Amino acid sequence: MAENKHIERAYELAKQKYADLGVDTEKAIENLSKVPVSMHCWQGDDVGGFEKTGAELEGGGIQVTGNYPGKATTIDQLRGDIDMAVSLIPGTHRLNLHASYLDNGGKFVERDQIGPEHFQSWIDWAKQNKMGMDFNPTYFSHPKADDGFTLSHQDAGIRKFWIDHGIACRKIAEKMGKELGSPSVVNFWIPDGYKDIPADRKTPRQRLAESLDSIFSETIDQKYVLDAVESKLFGIGAESYTVGSSEFYLGYAVSRKKLLCLDAGHFHPTEVISDKITSVLTFLDEILLHVSRPVRWDSDHVVILDDELRAIAAEIVRGDYLNRVHIGLDFFDASINRIAAWTIGMRNMIKALLIAMLEPTAKLKQAEAESDFTTRLVMLEELKTMPFAAVWDYYCLKSDVPVSVDWLTKVKDYEAKILSKR
Ligand code: RNT
Ligand code: ZN
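Sequence order sets the numbering: in each chain, residues are counted from 1 along the sequence as written. Each chain is given a letter, starting from A, and each ligand a number, starting from 1, according to the order in which they appear as written. In view of the model being predicted, local features appear only for residues whose pLDDT reaches at least 70, and side-chain atom pairs are presented and counted only at 80 or more, with totals across whole chains, interfaces and linings using the full set of residues. With hydrogens and water set aside, each side-chain value is computed from the structure's full complement of heavy atoms.

### Some remarks on the coordination of the zinc ion (ligand 2)
Right, on to step 1. Note that water is not among the atoms considered, so a metal site may appear incomplete; the donors listed are N, O and S atoms within 2.8 Å of the metal, with 3.2 Å applied to Na, K and Ca. Listed as protein donors to the zinc ion (ligand 2) are Glu230 (OE), Asp263 (OD), His290 (ND1) and Asp330 (OD); their distances from the metal cover 2.1 to 2.2 Å.
Right, on to step 2. Just to be clear on the cut-offs, tetrahedral is four donors with all angles between 85 and 135 degrees, square planar is four donors and octahedral six with opposite donors over 155 degrees apart and all others between 65 and 115, and anything else goes down as irregular. What the six donor atoms of the zinc ion (ligand 2) show is an angle range of 72 to 170 degrees at the metal, which sorts the shape as octahedral.
Right, on to step 3. When the donors of the zinc ion (ligand 2) are listed by position in the chain, the intervening gaps give E-x32-D-x26-H-x39-D. With aspartate 263 in strand β8 (residues 259-263) and aspartate 330 in the loop between β12 (325-329) and α10 (338-357), the pair connects residues that are 67 residues apart, well separated along the chain. For the residue pair aspartate 263 and aspartate 330, the accessibility class agrees, reading buried in each case. Each helix is a run of DSSP H or I of at least 4 residues and each strand a run of E of at least 2, with the numbering of both proceeding from the N terminus. For every residue, the accessible area obtained with a 1.4 Å probe (protein chains only) is divided by the maximum for its type, and the residue is called buried under 20%, exposed over 50%, and partly exposed between those limits.

The structure is reproduced here in structure tokens:
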């Protein structure tokens, strides 16, 4: 247990050290507290959802590995787990829900039939928790997605089913946006693609563009809904061709004025999304990030404080993009305690933003403008060992959440009392 007076003393020393660099730690903390991160519901139950009782991932599209005990199998359990995680994370954040997490009162509802009524209990719950909500149509784990195609399917009936699902999801999100007072980002990701080399790469892409246009044909006020489209490089079972590639959705987003979603795991292994932020924001008003961690492939490991996470945060802050970049997390690890997974990822994202806000960016840019690359490199290296941890601990203390590793004690306790009884 870290003692408060030690945390405060360490903070005062750090504050002085940052002030010497021209950085105001109080200001950084204040700015940080205003940045919402959208926490993905699907880490809590391995992307199972509540369409049927005891739902597991079926069919292709997404892979989760691990069988750590205690996963949430009911809506109440998932909400309890989210509450627990949120109590360990400083700041006010958002909940990112998938359509398959509907509250259908135990009676199966097909995806093209869902409506705001199936999400009212989530909206009420989010309101109580002072969280905004983001939303996702679910284009996987469904018999009509079994052959690997949804919105670009060659069968018009199947396409229609998935178009109707997309339309229903925007209506649901509109209700969320209206009731919760901030726009709900609705992210479209589909798994469509071929395992082996296609003979026709063109037609599915034309069909996808048409399907998306049908979904978006109704204008919904951007005060309530922001549509996003997420590209991908490949998937398991779709190694040779992905209909919704990066170029496809970049073109779509620019031409239709949609948000582009950049998922950290959806590019070639040496490509990083941190370098894409300034590029796409030259042409788009807003984007969505799926902050994830690919390990050799799109493995969706828990987000850690690595160089790329720091670079993502630095790009957002340096570019003054906090109002144009919606930060969401996207990972699912079923091999460790799921509440810990959320907490690690969320705290790291926020910590990376803090580190970015503690950077004397103007000084770095000045060195660069003067072509003094020596100073630029020296400063960037020195910044790595600045005492940001003291500012972070102080921020946690002031936000009434556990400091340092103390949060793990609470998770272990919750595991013993609740998770292990499931
Ligand atoms: C899949 C995409 C997508 C999903 C979520 C559950 O590769 O990253 O964002 O992870 O919709
Ligand atoms: Zn994603």
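### Let's talk about the packing of helix α2 (residues 25-32) against helix α13 (residues 388-398)
A packed helix pair is summarised by two numbers, namely the angle formed by the two axes and the spacing between the axes.
Right, on to step 1. Working convention: axes come from line fits to C-alpha atoms, limited for helices to the stretch in contact. Angles between N-to-C directions cover 0 to 180 degrees. Packing of α2 against α13 brings their axes to within 11 Å, and their N-to-C directions diverge by 50 degrees. Classed by the angle they form, the pair α2 and α13 counts as oblique. As for how α2 packs across α13, the hand of that crossing is right-handed. Contacts between α2 and α13 involve Thr25, Ile29 and Leu32 on the former and, on the latter, Val391, Tyr394 and Tyr395.
Right, on to step 2. Partitioning the contact of α2 with α13 into residue classes produces five nonpolar, one polar and no charged. Note on angle classes: values under 35 degrees are labelled roughly parallel, values over 145 roughly antiparallel, values of 65 to 115 roughly perpendicular, and the remainder oblique. By definition, any crossing whose near helix is turned counterclockwise from its far helix by less than a right angle is left-handed, and any crossing with a clockwise turn is right-handed. Working rule for contacts: check all heavy atoms of both residues, and any pair within 4.5 Å makes them a contact. Gly is placed with the polar residues, together with every amino acid not listed as nonpolar (Ala, Val, Leu, Ile, Met, Phe, Trp, Tyr, Cys and Pro) or charged (Asp, Glu, Lys and Arg).

### Section: the pattern of salt bridges
Right, on to step 1. By definition here, a salt bridge exists when the distance from a side-chain nitrogen of Lys or Arg to a carboxyl oxygen of Asp or Glu is within 4 Å. A full pass over the atoms with the stated rule returns 22 salt bridges.
Right, on to step 2. Residue arginine 256 is joined to aspartate 213 by a salt bridge in which the shortest nitrogen-to-oxygen separation is 2.8 Å. Here arginine 256, found in helix α7 (residues 246-256), pairs with aspartate 213, found in helix α6 (residues 202-215); they are 43 residues apart in sequence, far enough to count as distant.
Right, on to step 3. Here arginine 256 falls in the partly exposed class, since its relative accessible area comes to 36%.
Right, on to step 4. Three or more residues joined by partner-sharing salt bridges are found here, namely Lys127, Lys175 and Glu179.

### Regarding the pairing of strand β11 (residues 297-301)
Right, on to step 1. For strand β10 (residues 293-295) and β11, the ladder comprises two bridges, and the chain directions are antiparallel. If you follow valine 295 over to β11, its bridge partner there is tryptophan 297.
Right, on to step 2. Hairpin connection between β10 and β11: a loop of one residue separates the two successive antiparallel strands, and arginine 296 in this loop has a positive phi of roughly 70 degrees. For two strands to pair, DSSP has to find at least two bridges joining them.

### Here's the deal with the environment of aspartate 393
Right, on to step 1. Among the structural elements, aspartate 393 can be located in helix α13.
Right, on to step 2. In this structure the C-alpha to C-alpha distance between aspartate 393 and serine 404, which are 11 residues apart in sequence, comes to 6.4 Å.
Right, on to step 3. If we skip the residues at most four places from it in the chain, aspartate 393 touches Ile7, Val403 and Ser404.

### With respect to the packing of helix α3 (residues 75-86) against helix α14 (residues 406-417)
Right, on to step 1. Here α3 crosses α14 at 160 degrees, and the two axes come no closer than 10 Å. The angle between the axes of α3 and α14 places the two elements in the roughly antiparallel class. The two elements α3 and α14 meet at a crossing, and its hand is right-handed. Contacts between α3 and α14 involve Gly80, Asp81 and Met84 on the former and, on the latter, Lys410, Val411 and Tyr414.
Right, on to step 2. Its residues assigned to classes, the contact of α3 with α14 shows three nonpolar, one polar and two charged.

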